[in-house]
Amino acid sequence: MSENQTINRSNLFISRLEDLDVGDRARLKRNSGKTLAEAHDVLALFYGLLPAGVPVYQEEIYFLLATLFPLADGGTEHDLGTSLFKARNLKNAKGLDSRMENLLDADFAQLHFRLRQTIHFLHSCRVRVNWQQLLEDLLQWDHPDRYVQQRWARSYFGQ
């Protein structure tokens, strides 16, 4: 699959999420932190949002993002590391540094919980999330070079 196909699919998916009404967003929000197997009352909605051609092995990643999407406002800048750095201050620095380290070390099974907590935190700090970038990053989370985790660490700790 080409990188352009992946970007086009993720653009379409984010656009469909942005067009959801309040009720559908609430249904997705109630399933945040859950896997597809644990989902209740959203499978028809989710598969209606999913662009054609998304490989089955990526569906869980798309579902994770769909359930996180209603938790915070979207933006078009930066990766998640930079967003977390923007939320960092003298009061939360130590705890946030630890949270970031745990997030960077998380395997995909842990991401549902860790990302849900992270997105809630960003929303409470009024920091926007670049959903497009987050989806593209999650699609590469298990890459053996861990370049997504390295970029997030550079964006957060390197500033």
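Residues numbered from 1 in each chain as written. Predicted model: local features only at pLDDT ≥ 70, side-chain atom pairs only at ≥ 80, totals over all residues. Heavy atoms only, no water.

### Some remarks on the overall build of the protein
Counting secondary structure elements, the protein contains nine helices and zero strands. Put simply, the protein runs from its N terminus to its C terminus through helices and strands in the order α-α-α-α-α-α-α-α-α. In terms of overall size, the protein behaves like a compact globule, its C-alpha atoms giving a radius of gyration of 15 Å where 159 residues would be expected to give roughly 15 Å. When its C-alpha atoms are laid out on the principal axes, the protein stretches across 45 × 35 × 25 Å. Split into buried and exposed, the 159 residues of the protein put 47% on the buried side. (Helix = DSSP H or I, 4+ residues; strand = E, 2+ residues; numbered from the N terminus. Rg over C-alpha atoms; globule rule 2.2 N^0.38 Å. Buried < 20%, exposed > 50% of the residue type's maximum accessible area, 1.4 Å probe, protein only.)

### As for the packing of aromatic side chains
Applying the stated criterion across every chain, the model contains eight aromatic pairs. A ring pair is formed by F69 and W131, whose centres lie 5.4 Å apart and whose planes are at 50 degrees; its orientation type is tilted. Of the two residues, F69 sits in the loop between α4 (59-68) and α5 (80-87) while W131 sits in helix α8 (residues 131-139), which places them 62 residues apart along the sequence. In terms of burial, F69 and W131 fall into one category: buried. Relative to W152, the ring of W141 has its centre 5.1 Å away and its plane inclined at 55 degrees; by these criteria the two rings are tilted. Of this pair, W141 sits in the loop between α8 and α9 (147-157) while W152 sits in helix α9, placing them eleven residues apart in sequence. There is no split in this pair, since W141 and W152 are both buried. (Phe/Tyr/Trp six-rings, centres within 6.5 Å; stacked < 30°, edge-to-face > 60°.)

### Remarks on helix α6 (residues 93-105)
Helix length check: α6 (13 residues) gives 18 Å between terminal C-alpha atoms against 18 Å at 1.5 Å per residue, within 8%. Listed as buried for α6 are A93, L96, D97, M100, L103 and L104. Relative to the axis of α6, the buried residues are bounded by an arc of 125 degrees and lie together on one face. The exposed residues of α6 that point more than 90 degrees off its buried face are K94 and D105. Residues of α6 that are buried make contact with α5, α7 (108-124) and α9. (Expected span 1.5 Å × (residues − 1). Arc of directions from axis to C-beta. Contact = heavy atoms within 4.5 Å.)

### What about the pattern of salt bridges?
Counted according to the given criterion, the structure contains six salt bridges. The salt bridge partner of R146 is D105, with a shortest N-O separation of 4.0 Å. Residue R146 is found in the loop between α8 and α9, and its partner D105 is found in helix α6; the two are separated by 41 residues along the sequence. Residue D105 is classed as exposed on the basis of its relative accessible area of 59%. D137 is the partner of R151 in a salt bridge, and the nearest nitrogen-oxygen pair spans 2.6 Å. With R151 in helix α9 and D137 in helix α8, this pair connects stretches of sequence that are 14 residues apart. (Salt bridge = Lys/Arg side-chain N within 4 Å of Asp/Glu carboxyl O.)

### A short note on the nonpolar core
Judged by nonpolar contacts, the single largest core of 48 residues is most densely connected at F13, L17, L80, I119 and W131. Mapped onto this core, the elements with two or more residues apiece are α1 (3-18), α3 (43-49), α4, α5, α6, α7, α8 and α9. Considering every element that reaches this core, the biggest residue donor is α4, with seven residues. If we ignore the near neighbours within four places in the chain, the residues touching I119 are L68, L71, A72, L80, V129, W131 and L134. (Core = buried A, V, L, I, M, F, W, Y, C linked by side-chain atoms within 4.5 Å.)

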